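# Commentary on secondary and tertiary structure
The chain contents come next:
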Amino acid sequence: MHQIKGSLMCDEISRGFALDSHVRKALESVDREMFVPEFMRHLAYSLKPLPMEAAQWVSSPLTVAKMTQYLTPGDSVLEIGCGSGYQAMVLSRIFRRVFSIERIESLLLEARDRIRASGVSNIHTKLGDGQQGWAQYAPYDRILFSACLEGEVPEAIIEQLEEGGILVAPMLSISRESAIPTLTLSSSSNTPKSQSKQYIKRFTRRGGRLCDEEILEECLFVPVVSGVAK
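Residues numbered from 1 in each chain as written. Predicted model: local features only at pLDDT ≥ 70, side-chain atom pairs only at ≥ 80, totals over all residues. Heavy atoms only, no water.

So, about the overall build of the chain. Assigned secondary structure in the chain consists of 6 helices and 11 strands. Radius of gyration (C-alpha) of the chain: 19 Å, near the 17 Å computed for a compact globule of 230 residues. Overall, the C-alpha framework of the chain stretches about 65 × 45 × 40 Å when taken along its three principal axes. Looking at the chain residue by residue over its 230 residues, the buried ones come to 46%. (Helix = DSSP H or I, 4+ residues; strand = E, 2+ residues; numbered from the N terminus. Rg over C-alpha atoms; globule rule 2.2 N^0.38 Å. Buried < 20%, exposed > 50% of the residue type's maximum accessible area, 1.4 Å probe, protein only.)

What follows is about the packing of aromatic side chains. If you walk through the whole model with that rule in mind, you get 6 aromatic pairs. Each ring, one from F17 and one from Y70, has its centre 6.1 Å from the other, and the planes form 85 degrees; the classification is edge-to-face. Residue F17 is found in the loop between helix 1 (2–14) and helix 2 (21–29), and its partner Y70 is found in helix 3 (residues 61–71); the two are separated by 53 residues along the sequence. Of the two residues examined, F17 and Y70, each falls in the buried class. Arranged with centres 6.1 Å apart and planes meeting at 55 degrees, the rings of F35 and Y86 form a pair that is tilted. Taken together, the residues F35 in the loop between helix 2 and strand 1 (50–52) and Y86 in helix 4 (residues 86–92) connect sequence positions 51 residues apart. Overall, Y86 belongs to the buried group, its relative accessible area being 1%. (Phe/Tyr/Trp six-rings, centres within 6.5 Å; stacked < 30°, edge-to-face > 60°.)

Per-residue pLDDT for the chain averages 92, and the proportion of residues at 70 or more is 92%. Counting contacts from residues 178–189, a segment whose pLDDT is below 50, to residues more than four positions away or on other chains yields 11 contacts. (pLDDT = per-residue confidence, 0-100. Contact = heavy atoms within 4.5 Å.)

On to the pairing of strand 4 (residues 97–102). Counting buried residues in strand 4 gives 5 out of 6 residues, a clear majority hidden from the surface. Looking at chain direction, strand 4 and strand 5 (residues 123–127) are connected through 5 bridges and run parallel. In the sheet register, V98 faces strand 5, and the bridge partner there is I123. Remark: the strand 4/helix 5 (residues 105–117)/strand 5 crossover connection has right-handed handedness. (Pairing = 2+ DSSP bridges. Right-handed = clockwise from strand over helix to strand, strands pointing away.)

A word on the pairing of strand 3 (residues 76–80). For strand 3, the buried fraction is high: 5 of the 5 residues fall into the buried class. Neither face of strand 3 is left uncovered, since the one carrying S76, L78 and I80 and the one carrying V77 and E79 both have all their residues buried. Taken together, the 5 bridges between strand 3 and strand 4 define a ladder with parallel strand orientation. Bridged to L78 within strand 4 is F99. In this view, the connection linking strand 3 to its parallel neighbour strand 4 by way of helix 4 has right-handed handedness. The pairing of strand 3 with strand 6 (residues 140–145) spans 4 bridges and is parallel. Bridge assignment links I80 to a residue of strand 6, and that residue is F145.

This next bit is on a nonpolar patch on the surface. A contiguous nonpolar surface patch, about 370 Å² in accessible area, is contributed by M1, I4 and L8. Relative to the elements of secondary structure, L8 occurs in helix 1. Its relative accessible area of 55% is what places L8 among the exposed residues. (Patch = residues over 30% accessible without salt bridge, like charges linked within 9 Å, V, L, I, M, F, W, Y side chains within 5 Å. Areas by Shrake-Rupley, 256 points an atom, 1.4 Å probe, with all protein chains shown as cover. Salt bridge = Lys/Arg side-chain N within 4 Å of Asp/Glu carboxyl O.)

Tracing the backbone through its elements, the reader meets G227 in the segment after strand 11 (209–219). It is 5.1 Å that separates the C-alpha atoms of G227 and D129, two residues lying 98 residues apart in sequence. In contact with G227, other than residues within four places in its own chain, are R103 and D129.

In this structure, T204 sits in strand 10 (residues 194–206). Judged by its relative accessible area of 11%, T204 falls in the buried class. Among all residues touching T204, those that are not within four sequence positions of it are G164, G165, I166, R209, L210, C211 and D212.

We now examine helix 2. Quick reminder: α-helices carry 3.6 residues per turn. Residues three or four places apart thus point the same way. Buried within helix 2 are the following residues: V23, A26 and L27. Taken down its axis, helix 2 places every buried residue within 95 degrees of arc, on the same side. Exposed and oriented more than 90 degrees from the buried face of helix 2 are S21 and K25. Buried-residue contacts for helix 2 involve helix 1, helix 3 and helix 4. (Arc of directions from axis to C-beta.)

This is how it looks when you write it as structure tokens:
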């Protein structure tokens, strides 16, 4: 039954985003209802992000489709931000080895239960600060952030990306708008305003650093947070 629901979901995604065949096949093969809270399962196949515990969200199928396709296939992938485990499950249909880090212990335990129930054996999970990566199994062909970086990509992450490998991450960009007169009760002000937006960016590692920056599209993700929450 979930394959039929997945196919209809992919049809809806395809109306606004051209799915590659391997990404569509991966999305159709995953039972999304397993990865959303029970009280939200009737909305599992809608193209909406869904709330979960710890003030986190299950990414929409459209977002997961885009992030997966932007990543392009490879052998191994490191995901920063396991969340519900849905993105990792989709990646497991394309990559031979998936490594996923989650900083919130309660979310990780639930994700592990879902992954175990799915019978998948190529997803490896870890409780930790995602900004430190997972050096034990590095280097990775691909690295994916499932949360927004508010600064530069951490050096530890760059070091764990294979030479020639690809990194995809939502990143915060702050721009200064031109000065617009603003009338206040006391006086008028011409102070420029700051405007922050998130963009999905893609990089390739060359010569030990990230190069070939591509800005793919505007987005909205929860922020990357340091530390571990038990």
